[in-house]
Amino acid sequence: MSKTFVVFGATGQQGNSIIDYVLNDLELSQQYSIRAITRDVTSEKAKKLQGRVEVVCGDILDRPSIETALTGAHTVFINTAPLINPDVEYDTVKTIADIVVEKNAKYIIFSTLPSICELSGGRYTKVAPFDAKSKAEKYIRGLPIQSSFCSLGSFMENFESNSFLKPRKEEDGSWMVALHVSPNVEWPLINARKDTGKFVGAILSEPDKFAGKTFCGATKMYSMEEIIAIMSKSTGKDIAYKRISNDELKKRWNLPDGLVDMFMEMISFLDDTGYFGTDSRDLVAWAAKNARGTLSTLEEYFEAHPLRLE
């Protein structure tokens, strides 16, 4: 009999990647039957899952619905979108994890993030969404259940949105990425929609081996200079990098102060310490080596999803 694998955030990029990977893997598709949890089973994204997997209504802020969704679960993937209030996000993950244990499930896989406050020795305190997930990870590690963790890097998909890494056309017609850090700053990049399942799939295939481990999920660490060179080649545009002051960056972004401060601290942390800390390169290399499949490069991502500059 197959084991019930419950996926929270099933209609998102991570959830979709995991579901597709398991369904298309001959070994895992025989071991696990998937239960996709979504708040709205009538949404277009949820309808696309119907017939492929079991789709169950579950609101992460409604305990009774979560209790129902987790009945009979064996392995549970927990992913929550960053909430406005980090304390609420922590409490939400804690509640889900507690119910998983109460329902006698056997394994938790949690989509976590590094604690920027802790890794920086308290220097950076405003990247609360990262710290909330890290706090939740610590809680899960203390529960009487096996668990593994997937800590993903920056999504390549973000280049398609109005990301701070997306080149901007200047008044003189040139294209530029401008930040307040060194051009040597490194980013762990991952094609979340395509590759998240390869990290989670590795855990599902050998849960005992990876119990307690964290997959720092990314293809590799890309320097800002390398990213810009790849974007230039992909778009045919001559894209440059400019280091600007904090005040200039705030004007350039034109975001609410809270968001500006959070993003600026996060990027400063990358420049000072590294996304996953001082061992970021080694941690990413280990995860990539143990992933269940070949990971997408940034060049391949832009080939499949051309970066459109207007």
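Residues numbered from 1 in each chain as written. Predicted model: local features only at pLDDT ≥ 70, side-chain atom pairs only at ≥ 80, totals over all residues. Heavy atoms only, no water.

By the naming in an unreviewed UniProt entry, the protein is NmrA-like domain-containing protein, taken from Pseudopithomyces chartarum. The UniProt entry for the protein carries the following text under Sequence similarities (unreviewed entry): "Belongs to the NmrA-type oxidoreductase family." (UniProt positions renumbered as here; feature names shortened; annotations may be inferred.)

*Asks:* Would you mind going over the packing of aromatic side chains with me for this structure?
*Replies:* When we look at a pair of aromatic rings, we describe it by the centre distance and by the angle of the planes. Evaluated as defined, the whole model comprises twelve aromatic pairs. When the ring of Phe 210 is compared with that of Trp 286, the centres are 6.0 Å apart and the planes differ by 80 degrees; the resulting orientation is edge-to-face. Of this pair, Phe 210 sits in the loop between helix 8 (192–205) and strand 11 (214–217) while Trp 286 sits in helix 12 (residues 280–290), and the two are 76 residues apart along the sequence. Judged by relative accessible area, which is 2%, Phe 210 ranks as buried. Trp 286 gets classed as partly exposed once you look at its relative accessible area, which sits at 31%. Above the face of the Tyr 90 ring, Lys 135 is positioned so that its terminal group lies 4.3 Å from the ring centre. (Phe/Tyr/Trp six-rings, centres within 6.5 Å; stacked < 30°, edge-to-face > 60°. Helix = DSSP H or I, 4+ residues; strand = E, 2+ residues; numbered from the N terminus. Buried < 20%, exposed > 50% of the residue type's maximum accessible area, 1.4 Å probe, protein only. Lys NZ or Arg CZ within 6 Å of the ring centre and 35° of its normal.)

*Asks:* Would you explain the environment of Glu 157 in this entry?
*Replies:* Following the sequence through the fold, Glu 157 ends up in the loop between strand 7 (154–155) and strand 8 (168–169). By relative accessible area, Glu 157 is classed as buried at 11%. Separated by 145 residues in the primary sequence, Glu 157 and Phe 302 have C-alpha atoms spaced 9.7 Å apart. Excluding its chain neighbours within four sequence positions, the residues that come into contact with Glu 157 are Gln 13, Ile 190, Asn 191, Ala 192, Arg 193 and Tyr 301. (Contact = heavy atoms within 4.5 Å.)

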